Amino acid sequence: MNYNKDISIIIPLYNEAESLPELCKWIEQSLQGKGLDYEIIMIDDGSNDKSWDTIKELKNTFSQIKAIRFRRNYGKSAALYKGFEMAEGAIVITMDADLQDSPEEILELRRMILENDYDLVSGWKLNRQDNALTKNLPSKLYNATARLVTGIKLHDMNCGLKAYKNEVVKSIEVYGEMHRYIPYLAKNAGYSNIGEKLVAHQKRKYGVSKFGINRFINGALDLISLWFLSTFAKKPMHFFGFSGILMFLIGFCVSVYLIAEKLYKQCINEYFRPVTEQPLFYIALVSIILGVMLFLSGFLAELISRSSQERNKYNIKDEIK
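Residues numbered from 1 in each chain as written. Predicted model: local features only at pLDDT ≥ 70, side-chain atom pairs only at ≥ 80, totals over all residues. Heavy atoms only, no water.

Caption draft 1: Up close: helix 2 (residues 51–59). Buried within helix 2 we find Ser51, Trp52, Thr54, Ile55 and Leu58. Mapping the buried residues of helix 2 onto a view down its axis gives an arc of 155 degrees, with all of them on the same face. The inward-facing, buried residues of helix 2 contact strand 1 (5–13), helix 1 (20–31), strand 2 (38–44) and strand 3 (65–69). (Buried < 20%, exposed > 50% of the residue type's maximum accessible area, 1.4 Å probe, protein only. Helix = DSSP H or I, 4+ residues; strand = E, 2+ residues; numbered from the N terminus. Arc of directions from axis to C-beta. Contact = heavy atoms within 4.5 Å.)

Below, the structure is given as structure tokens:
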């Protein structure tokens with residue numbers, strides 16, 4: 001496939017007016033004299049500082065800049081999705097605008113994609129320059145959980161510095177807060193050749209971080225959602241149906257046991273407690289009701305899934321005509 005550019009550099013940003021001029025100069029210095037045709041795609045995610053004015057001024061100096069400005073803050077996922085949509089480069093690079101990601105890594109990331117045929121290469125910030133208590137430790141726990149759930153052996157899945165083949169970014173949909181799990185989205189789309197590269201991490205020079213400790217809590221919830229959707233989205237009956245049948249059978253068997261026990265003791269004239277006076281009987285009834293509800297939920301979800309426009313959505317790797 002022919003592409004209009006060699007590299008597309010996507011930079012989502014929010015209130016980063018001070019860092020943008022230095023970032024553009026740094027990118028230019030890193031790629032200067034390499035004979036590469038590149039574009040810089042800036043997505044202003046509803047900044048309320050002078051970021052947009054700064055971008056317009058930079059366009060006069062750096063002709064490679066393309067930019068989109070959102071009316072409000074939609075989040076990093078929306079910014080990346082729009083950037084992916086605009087990208088015309090054979091290799092797509094994503095990086096943050098806060099100068100903590102080094103543009104000097106771009107050429108090596110590109111080389112790894114081209115020479116090793118990786119679909120995606122993710123950065124690994126081994127020596128982070130963040131606060132150890134609020135960033136480093138939670139990040140290690142988060143990444144360990146992500147590796148366990150996704151099966152992707154990346155040390156820093158949420159690193160903003162990544163490189164992709166263009167076809168990868170055109171084949172995935174990033175929404176909500178799913179930018180943290182782009183490698184997992186890519187894997188689910190059939191792009192499983194994922195590499196990793198140690199990258200430099202700089203201290204924040206301007207402004208303040210836009211992410212708090214709550215992102216790790218939200219990240220864990222998003223990971224559960226993504227795992228569930230990727231596993232059962234097109235076969236919901238496998239989850240709800242199995243769970244419903246299991247709960248129904250447990251409740252039914254307990255109920256039958258309690259009734260049979262009562263009848264047996266009644267036959268041999270032994271003392272017995274009425275079934276309706278035993279708490280276990282009501283627990284069994286609840287289990288039966290929940291089982292039926294889960295089964296019906298799975299049945300309805302299956303009907304919705306079968307009528308979905310994406311039920312036969314797939315990516316083609318090769319074709320011979």
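Anyway, onward from the coordinates.
Caption draft 2: Broad picture of the packing of aromatic side chains. Evaluated as defined, the whole model comprises 5 aromatic pairs. Ring geometry for Phe84 versus Tyr164: centroids 5.6 Å apart, planes at 70 degrees, classification edge-to-face. Taken together, the positions of Phe84 in helix 3 (residues 76–86) and Tyr164 in strand 6 (residues 162–165) put the pair 80 residues apart, joining distant regions of the chain. Like Tyr164, Phe84 is buried. Aromatic side chains Phe281 and Tyr282 sit 5.5 Å apart centroid to centroid with 75 degrees between the ring planes, which places their arrangement in the edge-to-face category. (Phe/Tyr/Trp six-rings, centres within 6.5 Å; stacked < 30°, edge-to-face > 60°.)

Caption draft 3: Structural view of the sheet that holds strand 2. Read from one edge of the open sheet, 7 strands run 3-2-1-4-6-5-7, paired in mixed fashion. Lying at the two open borders of the sheet, with one neighbouring strand each, are strand 3 and strand 7 (194–198). For this sheet the average axis-to-axis angle between neighbouring strands, irrespective of direction, equals 20 degrees. Relative to strand 7, strand 5 (residues 120–124) is paired through 5 bridges, and the arrangement is parallel. (Pairing = 2+ DSSP bridges. Axes fitted to C-alpha atoms, helices over the stretch in contact; angles between N-to-C directions.)

Caption draft 4: Summary view of the environment of Gly35. Counting through the fold element by element, Gly35 comes out in the loop between helix 1 and strand 2. Residue Gly35 is classed as exposed on the basis of its relative accessible area, which comes to 72%. Sequence separation between Gly35 and Asp6 is 29 residues, and the spatial gap between their C-alpha atoms is 9.5 Å.

Caption draft 5: Seen up close, the side chain of Ser255. Along the chain, Ser255 falls in helix 9 (residues 236–267). Contacts of Ser255, omitting those with residues within four sequence positions, involve Phe281, Ala284 and Ile288.

Caption draft 6: View of empty space enclosed by the protein. Overall, the coordinates contain 1 cavity of 30 Å³ or more when judged by the stated rule. The computed volume of the largest cavity comes to approximately 90 Å³. If you go around the largest cavity, you meet 14 residues; those closest to its centre are Lys76, Leu80, Thr94, Cys159 and Gly160. Secondary-structure elements contributing two or more residues to the lining of the largest cavity are strand 1, helix 3 and strand 6. The class makeup of the residues in the lining of the largest cavity is 7 nonpolar, 4 polar and 3 charged. (1 Å grid on protein atoms, 1.4 Å probe; cavity = no way out; pocket = protein on both sides within 12 Å on 5 of 7 lines; lining within 4 Å. Points joined across faces, edges and corners; volume = space filled by probe spheres on them. Nonpolar A, V, L, I, M, F, W, Y, C, P; charged D, E, K, R; others polar.)

Caption draft 7: Expanded view of the pattern of salt bridges. One pass over the full model with this rule turns up 13 salt bridges. For the salt bridge of Glu261 with Lys265, the shortest nitrogen-to-oxygen distance reads 3.6 Å. Separated by 4 residues within a single helix, Glu261 and Lys265 lie in helix 9, roughly one turn from each other. The partly exposed category is assigned to Glu261, whose relative accessible area is 24%. Residue class for Lys265 comes out partly exposed when judged on its relative accessible area of 22%. One network of salt bridges, with partners in common, ties together Glu39, Lys66 and Glu88. (Salt bridge = Lys/Arg side-chain N within 4 Å of Asp/Glu carboxyl O.)

Caption draft 8: Unusual backbone geometry, seen in detail. Within the chain, Asn15 stands out as a residue other than glycine whose phi angle is a positive 55 degrees. As for its placement among the helices and strands, Asn15 is situated in the loop between strand 1 and helix 1. Phi at Asn269 is positive, roughly 55 degrees, even though this residue is not glycine.

Caption draft 9: Summary view of the packing of helix 1 against helix 2. Contact geometry of helix 1 with helix 2 gives a least axis separation of 10 Å together with a crossing angle of 35 degrees. Considering the relative orientation of helix 1 and helix 2, their crossing is right-handed. Contacts between helix 1 and helix 2 involve Leu20, Pro21 and Cys24 from the first element and Ser51, Thr54, Ile55 and Leu58 from the second. The residue inventory of the contact of helix 1 with helix 2, partitioned by class, reads 5 nonpolar, 2 polar and no charged. (Left-handed = near helix turned anticlockwise from the far one by under 90°.)

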